[in-house]
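Observations on the model geometry
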Amino acid sequence: ITDNMDSWKPAPTNALNWIRTKIVCTIGPKTQDVESLKALYGAGMRCARMNFSHGTHEYHKATIANLRAAMSGTPNVCAIMLDTKGPEVRSGKLEGGQEVEVVQGTTFTLKHFPEDPTGLENKGTPEWVAHDYARLHEVITVGKKICIDDGLLSLTVKEINGTDVVCLVDNTVKLGETKGINLPGTPIDLPALTEKDKQDLRFGVQQGVDLVAASFVRKADDVLEIRKTLGLPGRGVKIFSKIENQEGLDNFDEILKVSDGIMVARGDLGIEIPIPQVYLAQKMMIDKCNQAGKPVITATQMLESMIVNPRPTRAEVTDVANAVCQGTDCVMLSGETAKGAWPVECVKMMAEIIQAAEESLDYMQEYLRMRTYTMEAKSSTAANSALLAVQESVSSSVVKTALDIEAKLLCVLSHTGATARAVVKYKPHAPCVCITPSDQTARQLCLSRGVFPRVVGSMIGSDQILQHNCTKLVEEGVIKEGDVVVCSHGDSTSAPGSTSVMKVLIAKSRN
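What comes next is a walk through the structure. From a predicted model like this one, the values you see are computed outputs, not experimental measurements.

1. Here we look at the packing of aromatic side chains
For any pair of aromatic rings, the description consists of the separation of the ring centres together with the inter-plane angle of the planes. A complete count under the given rule lists four aromatic pairs for this structure. Ring centres of Phe52 and Phe203 lie 6.0 Å apart, and the angle between their planes is 55°; this geometry places the pair in the tilted category. Linking Phe52 in the loop between strand S2 (45–51) and helix H2 (57–71) with Phe203 in helix H4 (residues 195–207), this pair joins segments that are 151 residues apart in sequence. Across from the ring centre of Phe452, 5.3 Å away, lies the NZ or CZ of Lys22, which sits over that ring. Against the face of Tyr41 rests Arg46, its NZ or CZ located 3.9 Å from the ring centre.

Following this line, the structure appears as structure tokens:
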């Protein structure tokens, strides 16, 4: 990561200084313009997240166009993520669009307006706010808790007056508009995929997004329904399931099996389950994603104080470093980059924390831990396919060989990205450059820890492509002549994802 905010080349020339853990940034009014997106990329952003709980299709279309303009004319790639609203309950707009102070001990009413279901016209005050869940007054009972804005505001239900839910305010807070509403211990009967979500997904496919973050996934069928909605035009879009409640945790194994990745969405999760259990849930999900070789994003409040302050708290620094050491592929920023006062500085700080955490890792131990798990899983799974066994064996051998001979770089060829993901599952000490002819594959690999994609026009002649790109990396100063590079790819007659070849190259400059 460069210190010069205006320079936005991919990384330092020394490959061993590249940060492996990727940074996802939520794009908001503060960072939507082209220059801000360039600055975020230069600071370390590798995925731009659009939160479809806010903003119109026109707004998000402009964000996508600006990001593409920021990347245009450069070899840089940045993934585009569409985060669905999902089956969540949200508050409406406020008078003047400004935060209101809700005072402890007063009454605060949640209202639903059938003619204005999302509360865009009926603007709230310090005494009441609209919400979008028509049956709230039917499912909630007196004495139950209601939490707004990731638990920032806590309410206790005092009475049900028609469709109005009258509450007692538990704590004084400044409340913003269109915030998430949680009902701890109260089941809601919203569909997994709302009509708005379906419209948003179709819009995302039309705009060519790379990833969908699916909110409030509770079971495998929820993911399959999203896949069905994406249809044939969206078949290449990767689905990251957001685990945000107890039901999602209970069904985690089946959800992981049908998902392309997971987001540990700690905001809602910390309200829906007892908050001391969030750490255990995070660790469990990261471990299982690592074992499956699927990318995992750790999200929510990672550098929250930097929305206002130019420096994070010590606890936040430790939180980011802990997620890196647990094995997360990505760390995510939300309000910090969407509306915060220090968006670029925040990303730079996160990159510095990541680099320090990664330098503390013992990569041989990381490799042995993953290899031990894979061998145990292989012996206990009779259905383990021969193809998968070959891929795991070759991929782990690539990383072990690189460790043994202290290779400066790993280099793989992959159309789909499967070979790259299979290799970095074993947490190599050196970066893994993935050469691919697919722009979308390159962008999607921006979510996989340790993978650095490069797009080429053709994949004909694997030996020549590997040698040519190693030479280019020497010329770019990434590696030196004489450095050892461990390479891997499938063979030309095999199906995608069939990693079966390993070779060792000595980097040479052009004669």
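Once the structure has been displayed, the description carries forward.
2. Quick notes on the nonpolar core
Within the largest apolar cluster, 39 residues are counted, with the highest numbers of intra-cluster contacts made by Ile23, Met45, Leu303 and Met350. Taken together, the elements giving at least two residues each to this core come down to strand S1 (22–26), helix H1 (34–43), S2, H2, strand S3 (79–83), helix H10 (314–326), strand S17 (330–333) and helix H12 (343–359). Top element by residues in this core is H12. It accounts for nine residues. Filtering out sequence-adjacent residues up to four positions away, Leu303 remains in contact with Pro312, Glu316, Val320, Leu333, Glu336, Cys346, Met349, Met350 and Ile353. Counting 26 residues, the second-largest nonpolar core is a separate cluster that includes Leu193, Leu249, Ile273 and Val296.

3. Observations concerning the pattern of salt bridges
A side chain of one charge can pair with a side chain of the opposite charge when the charged atoms of the two come close. The final tally for this structure, using the stated rule, is 23 salt bridges. The partner of Lys242 in a salt bridge is Asp83, and the shortest N-O contact between them spans 2.9 Å. Here the residue Lys242 occupies a position in strand S14 (residues 238–243), and Asp83 occupies one in strand S3, the gap between them amounting to 159 residues. A residue is classified by how much of its surface remains accessible, and Lys242, at 7% relative accessible area, is buried. The salt bridge partner of Asp210 is Arg443, with a shortest N-O separation of 2.8 Å. Here the residue Asp210 occupies a position in the loop between H4 and strand S13 (211–214), and Arg443 occupies one in helix H16 (residues 439–444), the gap between them amounting to 233 residues. On the basis of relative accessible area, Asp210 is assigned to the buried category, the value being 0%.

4. Here we look at the packing of H1 against H2
Contact geometry of H1 with H2 gives a least axis separation of 9 Å together with a crossing angle of 60°. Between H1 and H2, the interaxial angle falls into the category oblique. The two elements H1 and H2 cross, and the hand of that crossing is right-handed. The segment H1 lies against H2, with Val34, Leu37, Lys38 and Tyr41 engaging Thr63, Asn66, Leu67, Ala69, Ala70 and Met71. Across the contact of H1 with H2, the residue classes tally to seven nonpolar, two polar and one charged.

5. Some remarks on the sheet that holds strand S8 (residues 145–148)
Within the open sheet, the seven strands sit side by side as S4-S12-S8-S9-S10-S6-S7. Their pairing is mixed. Unpaired on one side and paired on the other, strand S4 (89–90) and strand S7 (128–130) mark the two borders of the sheet. Bridge count between strand S6 (residues 107–111) and strand S10 (residues 164–169): four bridges; the pairing is antiparallel. Paired with Thr109 across the bridge in S10 is Val166.

6. Thoughts on the environment of Arg135
With respect to the helices and strands, the residue Arg135 is situated in the loop between S7 and helix H3 (136–139). Residue classification places Arg135 among the partly exposed residues on the basis of a relative accessible area of 33%. Sequence separation between Arg135 and His112 is 23 residues; the distance between their C-alpha atoms is 8.9 Å. A polar atom in the side chain of Arg135 sits 2.8 Å from the side chain of Glu138.

7. A word on the pairing of S3
Most of S3 is tucked away: five of the five residues are buried. The alternating pattern of S3 places Ala79, Met81 and Asp83 on one face and Ile80 and Leu82 on the opposite face, and all of these are buried. With five bridges connecting them, S2 and S3 associate as parallel partners. Opposite Ala48, over in S3, you have Ile80 as the bridge partner.

8. A short note on the environment of Val278
If you trace the backbone, Val278 turns up in helix H9 (residues 278–292). Discounting chain neighbours no more than four positions away, the residues touching Val278 are Arg266, Leu269, Gly270 and Ile273.

9. Looking at the pairing of S10
Counting buried residues in S10 gives five out of six residues, a clear majority hidden from the surface. In this sheet, S10 lies alongside strand S9 (residues 153–161) in antiparallel orientation, the contact comprising six bridges. In the sheet register, Ile160 faces S10, and the bridge partner there is Val165. Between S9 and S10, which pair antiparallel one after the other, the connecting turn spans two residues, and Gly162 there sits at a positive phi close to 65°.

10. Structural notes on the sheet that holds S2
Strand order in the closed barrel formed by eight strands is S1-S2-S3-S13-S14-S15-S16-S17, and the pairing between neighbours is parallel. Strand-to-strand twist across the sheet, computed as the mean angle between neighbouring axes with direction ignored, equals 25°. Pairing of strand S15 (residues 261–265) with strand S16 (residues 296–299), which is carried by four bridges, proceeds in the parallel orientation. Each bridged residue has a counterpart across the sheet, and for Val264 the counterpart in S16 is Thr298. Contacts from H2 reach S2 and S3 within the one sheet, and its direction differs from that of S2 by about 165°.

11. Considering H12
What sets the pattern is the α-helix's 3.6 residues per turn: residues three or four places apart point alike. Taking 1.5 Å per residue, 17 residues should reach 24 Å; H12 reaches 25 Å between its end C-alpha atoms and fits that length. Across the 17 residues of H12, twelve count as buried, placing the element largely inside the fold. Here H12 has its buried residues at Pro343, Val344, Cys346, Val347, Lys348, Met349, Met350, Ala351, Ile353, Ile354, Ala357 and Glu358.

12. Side note on unusual backbone geometry
In the Ramachandran plot, Thr178 falls in the positive-phi region, its phi being about 50° despite a non-glycine side chain. Relative to the helices and strands, Thr178 resides in the loop between strand S11 (173–175) and strand S12 (180–182). Positive phi, close to 55°, is recorded for Phe216, a residue that is not glycine. Mapping Phe216 onto the fold places it in the loop between S13 and helix H5 (220–230). Judged by its relative accessible area of 9%, Phe216 falls in the buried class.

What counts and what doesn't
Residue numbers run consecutively from 1 along every chain, following the written order of its sequence. Under the rules for a predicted model, residues below a pLDDT of 70 receive no local features and side-chain atom pairs below 80 are neither given nor counted, while totals for whole chains, interfaces and linings still include all residues. Each side-chain value is derived from all of the structure's non-hydrogen atoms; neither hydrogens nor water enter the calculation. Each Phe, Tyr or Trp ring, with Trp reduced to its six-membered ring, pairs with another whose centre is within 6.5 Å; inter-plane angles below 30 degrees give stacked pairs, above 60 give edge-to-face pairs, and intermediate values give tilted ones. Numbered from the N terminus, helices here are DSSP runs of H or I no shorter than four residues, and strands are runs of E no shorter than two. Whether a charge sits over a ring comes down to the Lys NZ or Arg CZ being within 6 Å of the ring centre and within 35 degrees of the ring normal. Buried Ala, Val, Leu, Ile, Met, Phe, Trp, Tyr and Cys residues that are joined via side-chain atoms within 4.5 Å together make up what is termed a nonpolar core. Three labels apply to residues, based on accessible area from a 1.4 Å probe with only protein chains included: buried if under 20% of the type maximum, exposed if over 50%, partly exposed otherwise in between. Contacts are residue-level and defined by heavy atoms, with any inter-residue pair within 4.5 Å sufficient. Take a side-chain nitrogen of Lys or Arg and a carboxyl oxygen of Asp or Glu: if they are within 4 Å of each other, that pair is a salt bridge. Every axis in this analysis is a line fitted to C-alpha atoms, fitted for helices over the stretch in contact. Angles between the N-to-C directions lie between 0 and 180 degrees. In this scheme, roughly parallel covers angles under 35 degrees and roughly antiparallel covers those over 145, while 65 to 115 is roughly perpendicular and the rest are oblique. In a left-handed crossing the near helix is turned counterclockwise from the far helix by less than a right angle, and in a right-handed crossing that turn is clockwise. In this classification, Asp, Glu, Lys and Arg are treated as charged, Ala, Val, Leu, Ile, Met, Phe, Trp, Tyr, Cys and Pro as nonpolar, and every other residue, Gly included, as polar. What makes two strands pair is DSSP finding at least two bridges between them. Between N or O atoms, a polar contact is any pair within 3.5 Å; within protein, one atom must be a potential hydrogen donor and the other a potential acceptor, and residues adjacent in sequence are included only when both atoms are from side chains. What a helix should span is 1.5 Å times the count of its residues minus one.

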